[in-house]
Amino acid sequence: MAHEPAATVTTPSAAALFEAHMQAELHADLEATMATMVDDPHLLNLASGTGGEGAAGVREFYATKLIGQFFPPDVEFISISRIMDQERLVDELVLRFTHSQAIGHLLPGVAPTGRRVEMALVVIVGVKEGKVAYEHIYWDQAGLLIQLGLLDPAGLPVDSLTAGRLLAFTGKG
């Protein structure tokens, strides 16, 4: 007796999903951004403590802290490494930009300084049923604040030049 093949559900790869998610954010499209996410997502920027939990919390975060102020127009995303499987994508990046506008998710309450920034960042994206389930985002907040002139590094075990060294060590810069 012949068996019918099981129905195959195709979902976008984690990379394609995250690219669609990022493009929606970059284009300040709240609805398209939320459409890439599960019904009960969460997002946490660990260095600044910003983010949201559940659809309402994530929507509020995007609407007030990210959409329209994601990054300044001169932002450069330099990929260092990417690891992914069906459940997770981990991106290691260096970002460069001029702090020419408010960036509520990165620097809540900080007015633009006009200074140039180079920072390392790691994004961990959880994928469930072909959609973004969560984002956990890490960066060196102390190094960022030093570059912006908002933190005096004297006597502190911090270094604002680690992103540049990462680029040099990996041959990306």
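Quick caveat, the model's predicted, so the values are computed rather than measured.

**Student:** Can you help me understand the nonpolar core in this one?
**Tutor:** Inside soluble globular proteins, nonpolar side chains tend to come together where they are buried. Counting 35 residues, the largest nonpolar core has Y62, F71, F97, L106, M119, L121 and L144 as its most contacted members. Looking at this core, the elements with two or more residues in it are α1 (14-26), α2 (30-35), β1 (37-45), α3 (54-66), β4 (88-98), β5 (116-128) and β6 (131-139). Ranked by residue count, the leading element in this core is β5, at six residues. Not counting residues up to four positions away in its chain, the partners in contact with F71 are F77, L95, F97, Q101, I103, H105 and L106. In terms of nonpolar packing, the next biggest core, distinct from the first, is built from six residues, I80, V94, L166 and L167 among them.

**Student:** I keep staring at the side chain of S160 and nothing clicks. Help me out?
**Tutor:** Tracing the sequence through the fold places S160 in the loop between α4 (141-147) and α5 (162-170). In this structure S160 comes out as buried when scored by relative accessible area, which is 19%. Not counting residues up to four positions away in its chain, the partners in contact with S160 are G143, I146 and Q147.

**Student:** Looking at this model, I keep getting lost on α3. Mind explaining?
**Tutor:** Each full turn of the α-helix corresponds to 3.6 residues, which orients residues three or four apart in the same direction. Among the residues making up α3, those that are buried are G54, V58, F61, Y62 and L66. On an axial view of α3, the arc spanned by its buried residues comes to 110°, and they lie on one face. The elements touched by buried residues of α3 are α1, α2, β1, β2 (50-53) and β6. Where α3 ends, the next residue or the one after it, G68, has phi of about 85°, a positive value.

**Student:** Whenever I open this one, the pattern of salt bridges confuses me. Can you help?
**Tutor:** Side-chain pairs of opposite charge can arise whenever the charged atoms involved come near each other. In the structure shown here, the tally under the stated rule is seven salt bridges. Between R59 and E31 there is a salt bridge; the shortest N-O distance is 2.8 Å. Residue R59 is found in helix α3, and its partner E31 is found in helix α2; the two are separated by 28 residues along the sequence. Here R59 falls in the partly exposed class, since its relative accessible area comes to 31%. With relative accessibility at 49%, the residue E31 sits in the partly exposed group. Of the charged contacts in the structure, one is a salt bridge between E76 and R116, with a shortest N-O distance of 3.0 Å. Of this pair, E76 sits in strand β3 (residues 76-84) while R116 sits in strand β5, and the two are 40 residues apart along the sequence. Assessed through its relative accessible area of 33%, E76 is described here as partly exposed. What makes R116 partly exposed here is its relative accessible area of 42%. One continuous salt-bridge network, built from bridges that share partners, spans D74, E76, R96, R116 and E118.

What counts and how
Residues numbered from 1 in each chain as written. Predicted model: local features only at pLDDT ≥ 70, side-chain atom pairs only at ≥ 80, totals over all residues. Heavy atoms only, no water. Core = buried A, V, L, I, M, F, W, Y, C linked by side-chain atoms within 4.5 Å. Buried < 20%, exposed > 50% of the residue type's maximum accessible area, 1.4 Å probe, protein only. Helix = DSSP H or I, 4+ residues; strand = E, 2+ residues; numbered from the N terminus. Contact = heavy atoms within 4.5 Å. Arc of directions from axis to C-beta. Salt bridge = Lys/Arg side-chain N within 4 Å of Asp/Glu carboxyl O.

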